[in-house]
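Residue-level listing of the chains:
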Amino acid sequence: MSADVPLLSLRAAFARQFLRHFKALMSSPADMANPLLFFFMVVTLFPLGLGPDPERLSTMAPGILWVVALLSSLMVSSKLFASDYEDGSLEQLAIAPYPLSVLVLGEVTAHWLATGFLLAVVSPLFGVMLGLPQHGLGVLCYSLLLGTVCLTLIGAMGSALTVSIRRGGLLMSLLIIPLNVPVLIFGTTAVSEAIIGGNPSTWLALLGGLAMGSLALVPLAISAALRVSLDN
Amino acid sequence: MSLLAAHDVEIERGDRRLLTGVSLTVEVGDIWQLVGANGVGKTSLLRALAGLARLGVTGDIEHDQQRLYLGHAPSLKKTLSPLDNLRCHPACDIVVADDVIFSALASVSLAGYEDRPVGSLSAGQQRRVALARLLLSPAPLWLLDEPFTALDASGCDWLDAQIRSHVSGGGAVVYTSHQPSRFGSLQQDIDLTCHVC
Amino acid sequence: MWTFIHKMGSPPWFFRFSGTVVKWLLPLTLVLLAVGAAWGLLVAPPDFRQGNSYRIIYIHVPAAVVALAGYYVMAFAGAVSLIWRIKMADVTMRAAAPVGAVLTAVALVTGAIWGKPTWGTWWVWDARITSMLILLFLYLGVVALFEAYENKTAAARACAVLSLVGTVNIPIIYKSVDWWYSLHQPASIKFTGESAIDSSMLYPLLLMIAAFYCLFAVTVLLNMRAELVWSHRESGWLQQLVRKA
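Let us look at the overall build of chain A. Counting its regular elements, chain A contains 11 helices and 0 strands. For chain A, the sequential pattern of α-helices and β-strands runs α-α-α-α-α-α-α-α-α-α-α. Whereas a compact globule of 232 residues would reach a radius of gyration of roughly 17 Å, chain A reaches 19 Å, a difference of no more than 12%. Seen through its C-alpha atoms, chain A measures out along the principal axes to roughly 70 × 35 × 30 Å. By the burial criterion, 54% of the 232 residues in chain A qualify as buried. Contacts spanning at least 24 positions in sequence make up 80% of the contacts within chain A whose residues lie at least 6 apart.

Below, the structure written as structure tokens:
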């Protein structure tokens, strides 16, 4: 009986998971706006804490923007698989006759579009707030586009490892932060190079390499971690 | 060819061994009920049979690729409509046209509710959306965890009829329930209290 | 060799084997540590620039080297546990994590002690020390993850996944921190330079490194034995051994 049934192609299964998660995110716009508001407010804290001197702010701007982007990413990642775990969707994904890593990638892609991608696109606004020179804004956007791919993937892995633990959000941050150090360093250096008139392309290329590598390898870790969490 | 063959299955949780020596073969047309007191391990065993629990499960479990597992949680996204939830269900086994989904929702008395967010439905209605999967999935093997719980009388009758027509149409069902045997001579029981460590 | 590894997967066999190993490894470790420490701290000549305060490297460098190697041991044990489902590999990983964490902390503290007389500050954000700090976070993450899970078998698997991801990341982290440091520092100052080290100082250093490797092995084996005694406290083979002794 099962032989006659048309199963979905892998691409269709991926697309369905993407659509499911994307529609769910779109239907609660507050969930998408909150990380951006967080980004906005925390960026404002820095001039308040460091003083309004525009020259000092503009030298520190790449670091500040990237660190806050990392923190926003941590915030949204902790919720990534939580609802799926609670409502039983994770169990269904685990039994589905497709590689869990592909299905999970669909979900993570939808998540990235609604969080990291959005953040990268609006980041020039915050760059201007911190006095980032004009020629640095484009590189800021590119570096965040590539970097948030890594941040979202690694964040998803942290979420997958801690989803079965009560109050696992803080632990997740502890696990994720050391793994995100290279992305932070490459990202800030790219923007700093662009500001001083140097060539940011090596750093952007490194970010791109990290992003491609993460896309290839991290979904496997995420699916292994999800299966472990289901067993807890 | 059996739909599920389990041999000498042992289930451990952490350092505790829950069950030992469970064997089961599910053929087309079978109804199996896992019987036992609360906490004996019915859900753990069902999850192991579904292929969900891998840690702490020893023994051979072989099954068909396609099986439908209904756990306690409904696996529905509250902000999506029943239609969207069923169309993009994470089990990825619903490959039918939209009007088939509409008629399935109609047979669980949810006609007219297809486009509302699931979160706005009552608990009983949400349960029925989850059960609508039974009409839409082609999987021959059903693994149902306490499916009759939280269903009213007409719901139980509906589910009863679905199970009977499923097994007579080439499928099989394994379920857990607190209630005593519903299917009489049609079903076989495994009493897990004999397998407790 | 595979039969040997297979045998090690059985707790009673491992317990007996590790007992014999520890019997001679522990005294060897103590001897190596004593000789190396005496040589490095007393016999080796003082440094041209730093005088006698450089001697802390005889603890700092071995601790750092073994801490890094220890992470790979832990990740390797985790990989074995994930792929071949061997419980003893879980035990190895759980035993290695706190030992590695402590060694990293020792490396950081001795690095700070070295820094004070040499460059005037307790903490310096140079490439090696920053990488050591991140390694400490990676270790602490593994330990914290293990404690957070209720089901300890699942906990071991989760830690295996985490430490494998960490392993892949460590070279990238080290390299990126290296570049970060060289970009932000003026070229004239090199805090932890790769200056050629005189052989009279090199040999005691190598000896201490060997001693620390032995120390790591002994501590992990003792940890594993303690874990086995606790988890198998009710099984027959262990009670027999205790009765015999």
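Scanning chain B for helices and strands turns up 5 helices and 8 strands. If you list the helices and strands of chain B from N to C, you get β-β-β-α-β-β-α-α-α-β-α-β-β. Relative to its length of 197 residues, chain B is compact, with a C-alpha radius of gyration of 17 Å against a globular reference of 16 Å. Residue burial in chain B is summarised as follows: out of 197 residues, 44% are buried. Pairs at least 24 apart in sequence give 74% of the contacts found in chain B among residues at least 6 apart.

Bringing helix H3 (residues 98-107) of chain B into the picture now. Residue and element names in this part refer to chain B. Residues of H3 that are buried include every one of Ile101, Ala104 and Leu105, and no others. End-on view of H3: buried residues confined to an arc of 100°, all on one side of the axis. Of the surrounding secondary structure, the elements contacted by the buried residues of H3 are helix H2 (82-87) and helix H4 (123-136). Serine 109 occupies a position one or two residues after H3 and carries a positive phi of about 60°.

We now examine unusual backbone geometry. The backbone phi angle of serine 75 of chain B is positive, close to 50°, even though this residue is not glycine. Along the polypeptide, serine 75 of chain B turns up in the loop between strand E5 (67-70) and H2.

Residue-level contacts link 21 residues of chain A with 24 residues of chain C. Breaking the side of chain A that touches chain C down by element, the ones donating at least two residues are helix H8 (134-162), helix H9 (169-179), helix H10 (181-195) and helix H11 (201-230) of chain A. Among the elements that line the side of chain A that touches chain C, the one with the most residues is H9 of chain A, at 6 residues. Residues of the side of chain A that touches chain C, tallied by class, amount to 17 nonpolar, 3 polar and 1 charged.

Here we come to the interface of chain B and chain A. Facing the 29 residues of chain B at the interface are 28 residues of chain A. Along the lines of polarity and charge, the residues of the side of chain B that touches chain A split into 16 nonpolar, 8 polar and 5 charged.

All names here are of chain B. With respect to topology, 3 strands assemble into an open sheet ordered E2-E1-E4, the strand pairing being antiparallel. In the strand order of this sheet, the two ends are held by strand E2 (16-26) and strand E4 (57-63), each with one partner. Ignoring which end each strand starts from, the neighbouring axes of this sheet average 20° apart. Bridge analysis of strand E1 (residues 4-13) against E4 gives 6 bridges, and the strand direction is antiparallel. Looking across to E4, one finds that histidine 7 is bridged to aspartate 60. Sitting on the sheet, helix H1 (residues 42-50) is in contact with E1, E2 and E4, with an inclination near 130° to E1.

This next bit is on the domain arrangement of chain B. Size of an interface: often given as the accessible area lost when the parts come together. Residues and elements named next belong to chain B. Partitioning chain B into structural domains gives domain 1 (1-64 + 141-197) and domain 2 (76-139). Using only C-alpha atoms to locate each centre, domain 1 and domain 2 end up separated by 24 Å. Listed as interface residues are 6 residues of domain 1 and, on the opposing side, 4 residues of domain 2. Those elements that place two or more of their residues in the side of domain 1 that touches domain 2 are strand E6 (141-145) and helix H5 (153-168). Across the side of domain 1 that touches domain 2, the residue classes tally to 5 nonpolar, 1 polar and no charged.

The next point concerns H5 of chain B. Residue and element names in this part refer to chain B. Taking 1.5 Å of rise per residue, the 16 residues of H5 would be expected to cover 22 Å, and the 23 Å separating its terminal C-alpha atoms lies within 8% of that figure. Residues of H5 that are buried: Leu159, Ile163, His166 and Val167. End-on view of H5: buried residues confined to an arc of 90°, all on one side of the axis. Set apart from the buried face of H5 by more than 90 degrees, the exposed residues are Ala153, Ser154, Asp157, Ala161, Ser165 and Ser168. On its buried face, H5 is in contact with strand E3 (31-35), H4, E6 and strand E7 (172-176). One or two positions beyond H5, positive phi appears at glycine 170, with a value near 100°.

It is worth spelling out the packing of H10 of chain A against H11 of chain A at this point. Residue and element names in this part refer to chain A. At a minimum axis separation of 8 Å, H10 and H11 run at an interaxial angle of 155°. Compared by their axis directions, H10 and H11 come out roughly antiparallel. Here H10 runs over H11; the crossing is left-handed. Facing Pro182, Val183, Phe186, Gly187, Thr189, Ala190 and Glu193 of H10, the residues of H11 in contact are Trp203, Leu204, Leu206, Leu207 and Leu210. A breakdown of the residues in the contact of H10 with H11 according to their chemical character gives 9 nonpolar, 2 polar and 1 charged.

With that out of the way, let us pick up the sheet that holds E7 of chain B. Think of a sheet as strands paired side by side through backbone hydrogen bonds, with each pair either parallel or antiparallel. All names here are of chain B. Spatially, E5-E6-E7-E3-E8 is the arrangement adopted by the 5 strands of the open sheet, whose pairing is parallel. Edge strands, defined here as strands with exactly one partner in the open sheet, are E5 and strand E8 (187-191). For this sheet, the mean angle separating the axes of adjacent strands, direction not counted, is 15°. Sheet topology places E6 next to E7; 5 bridges connect them, and they run parallel. Residue pairing in the sheet places tryptophan 142 in a bridge with valine 173 of E7. Packing against the sheet, H5 makes contact with E3, E6 and E7, and its axis sits at approximately 145° to E7.

This brings us to the nonpolar core. Most often, soluble globular proteins have nonpolar side chains that are buried together. Counting 190 residues, the largest nonpolar core has Met157, Leu207 and Ala225 of chain A, Leu143 of chain B together with Ala158 and Val161 of chain C as the members making the most contacts within it. Both domains that furnish three or more residues to this core are identified here as domain 1 (1-64 + 141-197) and domain 2 (76-139) of chain B. Every residue in contact with alanine 225 of chain A, bar those within four places of it in the chain, is listed here: Met157, Ala160 and Leu161 of chain A together with Ala158 and Val161 of chain C.

All names here are of chain B. Between H3 and H4, the shortest axis-to-axis distance is 9 Å and the interhelical angle comes to 125°. One element, H3, and the other, H4, form an angle in the oblique class. H4 is crossed by H3, and the crossing has right-handed handedness. For the pair formed by H3 and H4, the contact residues are Val100, Ile101, Ala104, Leu105 and Ser107 on the first element and Ala132, Leu135 and Leu136 on the second. Within the contact of H3 with H4, the residues separate by chemical class into 7 nonpolar, 1 polar and no charged.

Rules of the game
- Residues numbered from 1 in each chain as written.
- Chains lettered and ligands numbered in written order.
- Predicted model: local features only at pLDDT ≥ 70, side-chain atom pairs only at ≥ 80, totals over all residues.
- Helix = DSSP H or I, 4+ residues; strand = E, 2+ residues; numbered from the N terminus.
- Rg over C-alpha atoms; globule rule 2.2 N^0.38 Å.
- Buried ≥ 20, exposed ≤ 12 C-beta atoms within 10 Å, placed from the backbone.
- Contact = placed C-beta atoms within 7 Å.
- Arc of directions from axis to C-beta.
- Nonpolar A, V, L, I, M, F, W, Y, C, P; charged D, E, K, R; others polar.
- Pairing = 2+ DSSP bridges.
- Axes fitted to C-alpha atoms, helices over the stretch in contact; angles between N-to-C directions.
- Domains from an automatic or database assignment.
- Expected span 1.5 Å × (residues − 1).
- Parallel < 35°, antiparallel > 145°, perpendicular 65-115°, else oblique.
- Left-handed = near helix turned anticlockwise from the far one by under 90°.
- Core = buried A, V, L, I, M, F, W, Y, C linked by C-beta atoms within 7 Å.

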